[in-house]
Each structure stands twice: as structure tokens, then as C-alpha cells.
Amino acid sequence: MGLSGAGGLGHISPMYSQALNTATGPADSSEAAQRFQERIDAEERVEPNDWMPEAYRRTLIRQISQHAHSEIVGMLPEGNWITRAPTLRRKAALLAKVQDEGGHGLYLYAAAETLGASREELVEQLLTGRAKYSSIFNYPTLNWADIGAIGWLVDGAAIMNQIPLCRCSYGPYARAMIRICKEESFHQRQGFEIMTTLARGSPEQKAMAQDALNRWWWPSLMMFGPPDSASQHSDASMRWKIKRFTNDSLRRKFVDATVPQGHYLGLTFPDPALHFNEATGHWDFGEIDWEEFRRVLAGEGPCNRERLAARRRAHDDGAWVREAALAYADKHRPAERAAA
């Protein structure tokens, strides 16, 4: 799937929308909500046709759609380097990775559709700037070392976030995440291998790796979301077992896993406060610039406008694909009905 492919298929909701959930179940009530929570506490999976509180449905649509948007927008920083990869091997691996990200977005849009959301509506929210996606993708990829840093740090943070989602209480989301996490682990290994090659190369190459770490470290820590004290949705998501760990606990796990990897590479983290705490057994780190985080989320990052402009352009360029697919479906629908 090319960069325009994901955008081209984004609006074929009449063909692919499952529309499994409709307002036919019991209205939200304390008794129904209590029974639902008992199912969650018993680790039962919620499936599309099961009754669920409207707030649970809305929370899932928000989280899954933002996740899908992040996968699609995340194709852009790395897609920028496919034609400039230093070797054919690197080019093929990066092309496969970008293709994977497009597929992840489609899995996730399909999962959101099982909750009654229209893919057309979700994509429209992204293109108009009304929907959020991960702040990390609003930073530029200035050189090849950035591709290594994205794989090592960004995909490493994504895996830390996403592995617990394989146990999400909502079945379609959890099942989609199993395949996504397998592919993300390949992406992380690819990035670390690039960083290893650069760190063990010439002084100029090691300097490139260090520069990339300097620029991507703090945005990677922001990927886990705001601190727990400022997180609006964590309590409900934890209670419903949509997520299993808080933002701060996942961020700490990521730092503990990643700092030794950076030291193995012979690189220095851009945080003078970073140190190992013998009492806790964790790496303590400095204060994150949450003002920068809020600014990027609000659309004022280095590449926000560029990213959305690229998505709109891909969407417009893919209009003929959507039209052709719908025309094909309309043409063959009578024969399919007759055969049924």
C-alpha cells in the first residue's frame, strides 16, 4: 500500500462499515452498568453486539480512531526517506515498514467501525483537524539517523504502550493489537540496528546518531500522554480495562528499558538529571516540557500543517480509487444478491 493508498481507501465506509452496534439494547442504567462492570472485572471480553455503556463506546471510538490516525500520519515522516535510503536493503525494509503502518491504520479503523463509527466520519475528522493523533509525528526527519531513532525510540514506546492493549476488554481492538504488536517489534529491531550501525561507524555517523537521540528523546517520552495527575481519561479507561497501566508507569518502564540500550550504543541521553536510583531500582529522569507537548497537540508543532496537508492531498488523489471501488460494488451487488 502506497502513501496515497491508505488515504484512498479511507472513505469506502458504505462497503466496509460493519454497523454491528445499534441503539437496540437497554438504555444505560445503574443496574446494566453494574452488570457490565462485573463482566469487566471477571476479565470477560466485550464483543460488538454486547450491551455496553455509551461512555465506554465513546471512549473506545476516541482511543481507537486516534490510534488509527497516528498509524496513517506516521507513514509520512519515514515515507519521506524511502527514495533516499542509503542501500537497497534499507530501502526495502523501510518500504515494508511504511506499508505495515498503513495496514495498522486500516485494522484500527475497522475495529472502530464495529462500534458504530463510520470510517468516512473518522477520516473527515482527521482531515479537518478535529481529531488528534500522536504528537510525535509532528517532528521532522532531518537525516537518515532519524529513521533509526524513530524505529528504536518511537516504535519502542509504541510497543510499550500497545502490548497491554492485547488484553483490552474490547475484543476487536485486542485482536487487532496482537498482529500490530508483532509487526511493531520488527520495526523496533530495524531502528535499533540502524542506530547500532551508525554508532559503530565513522565519527560523523556516530554524531548523526547522537544528534537524532538528542532530538527524539523528549518527544518519545511525551508519547505516553500527560502525567497521571493531568490525564482526563485514565481512570475510566483503567476501570473498564481498556488500558492496563497508567501513563506514568508505562513511561517509567520505557525509560528503564531504553537507557541501558543507549549506553550499549555508546550514546548520551540529553537529560542531565538522568540517573539510576539505587533505592527504587529505576532510572530517574528530568522534567518533561509539557508546554511543548500541549503546543504540538494544539497544532503548533514543527510539522503539523505539513502533515495534514499531505493527508488531504493523498485523500484527494485517491478519490478515483474510492469511486471505482463503489462503482464496482454497485455493479456486482445484484448478482451477489441473486446468488444468495
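Preceding this paragraph is the structure being described.
Attention in this report is confined to the structure presented alongside it. Computed from a prediction, not measured in an experiment: that's the story for all the values here. Counting restarts for each chain, with residues numbered from 1 along the sequence as it is written. Only residues with pLDDT of at least 70 are given local features in this predicted model, and only at 80 or more are side-chain atom pairs given and counted; all residues enter the totals for whole chains, interfaces and linings. Excluded from the side-chain calculations are hydrogens and water; all other atoms, namely the structure's heavy atoms, are used.

## A word on the pattern of salt bridges
Phase 1: Definition used for salt bridges: Asp or Glu carboxyl oxygen within 4 Å of a side-chain nitrogen of Lys or Arg. Inspection of every chain in the model, using the stated rule, returns 21 salt bridges.
Phase 2: Its salt-bridge partner being Arg333, residue Asp330 comes within 2.7 Å of it at the nearest N-O pair. Taken together, the positions of Asp330 and Arg333, both in helix H15 (residues 319-339) and three residues apart, correspond to about one turn of that helix.
Phase 3: Owing to a relative accessible area of 46%, Asp330 belongs among the partly exposed residues under this scheme.
Phase 4: Each residue is assigned to one of three classes by its accessible area relative to the maximum for its type, calculated with a 1.4 Å probe on protein chains only: buried under 20%, partly exposed between the two thresholds, exposed over 50%. What makes Arg333 partly exposed here is its relative accessible area of 28%.
Phase 5: Three or more residues are tied together by salt bridges with common partners; here these are Arg39, Glu44 and Asp50. Only DSSP runs of H or I with at least four residues qualify as helices, and only runs of E with at least two residues qualify as strands; both kinds are numbered from the N terminus onward.

## Side note on the packing of helix H6 (residues 88-113) against helix H8 (residues 144-162)
Phase 1: Every axis corresponds to a line fitted to the C-alpha atoms, with the helix fit spanning only the stretch in contact, and the corresponding angles, defined between N-to-C directions, vary from 0 to 180 degrees. It is at 13 Å that the axes of H6 and H8 come closest, and there the two elements cross at 45 degrees. Here H8 runs oblique to H6, going by the angle between their axes. Relative to H8, the crossing made by H6 is left-handed. Packed against H6, whose contacting residues are Arg90, Leu94, Lys97 and Glu101, the element H8 presents Trp144, Ile147, Ile150, Gly151 and Asp155 at the interface.
Phase 2: For the contact of H6 with H8, the per-class residue count stands at four nonpolar, one polar and four charged. Roughly parallel means an angle under 35 degrees; roughly antiparallel means over 145; roughly perpendicular covers 65 to 115; every other angle is labelled oblique. If you view the pair so one helix is near and one far, a crossing is left-handed when the near helix is turned anticlockwise from the far one by less than a right angle, and right-handed when it is turned clockwise. What makes two residues a contact is simply this: any of their non-hydrogen atoms within 4.5 Å. Residue classes follow a fixed rule: Ala, Val, Leu, Ile, Met, Phe, Trp, Tyr, Cys and Pro count as nonpolar, while Asp, Glu, Lys and Arg count as charged, and any other residue, Gly among them, counts as polar.

## Re the environment of Gly201
Phase 1: Along the chain, the position of Gly201 falls in the loop between helix H9 (171-199) and helix H10 (203-222).
Phase 2: When the C-alpha positions of Gly201 and Glu336 are compared, they lie 60 Å apart, and in sequence the two are 135 residues distant.

## Focus on unusual backbone geometry
Note on backbone geometry: most residues besides glycine have negative phi, and most peptide bonds are trans.
Phase 1: Positive phi values are uncommon outside glycine, yet Glu43 reaches one of about 65 degrees.
Phase 2: When you line up the elements, Glu43 lands in the loop between helix H3 (30-41) and helix H4 (54-73).

## As for the side chain of Glu183
Phase 1: By the element assignment, Glu183 lies in helix H9.
Phase 2: Taking the relative accessible area as the measure of exposure, Glu183 reaches 16% and is therefore buried.
Phase 3: Sequence-distant contacts of Glu183, defined by excluding residues within four places in its chain, comprise Asp100, His104 and Tyr107.

## Things to note about the side chain of Arg251
Phase 1: Following the sequence through the fold, Arg251 ends up in helix H12 (residues 247-264).
Phase 2: Apart from residues lying up to four places away in sequence, Arg251 is in contact with Leu221, Met222, Phe224, Gly225, Pro226, Pro227, Phe285, Ile288 and Trp290.

## Re the nonpolar core
Phase 1: Buried residues of nine kinds, namely Ala, Val, Leu, Ile, Met, Phe, Trp, Tyr and Cys, make up a nonpolar core once their side-chain atoms join them within 4.5 Å. Counting 83 residues, the largest nonpolar core has Tyr56, Leu60, Tyr170, Tyr173, Trp216 and Trp217 as its most contacted members.
Phase 2: For this core, the leading source of residues is H8, giving eleven residues.
Phase 3: If we ignore the near neighbours within four places in the chain, the residues touching Leu60 are Ser65, Leu115, Cys168, Tyr170, Tyr173 and Ile242.

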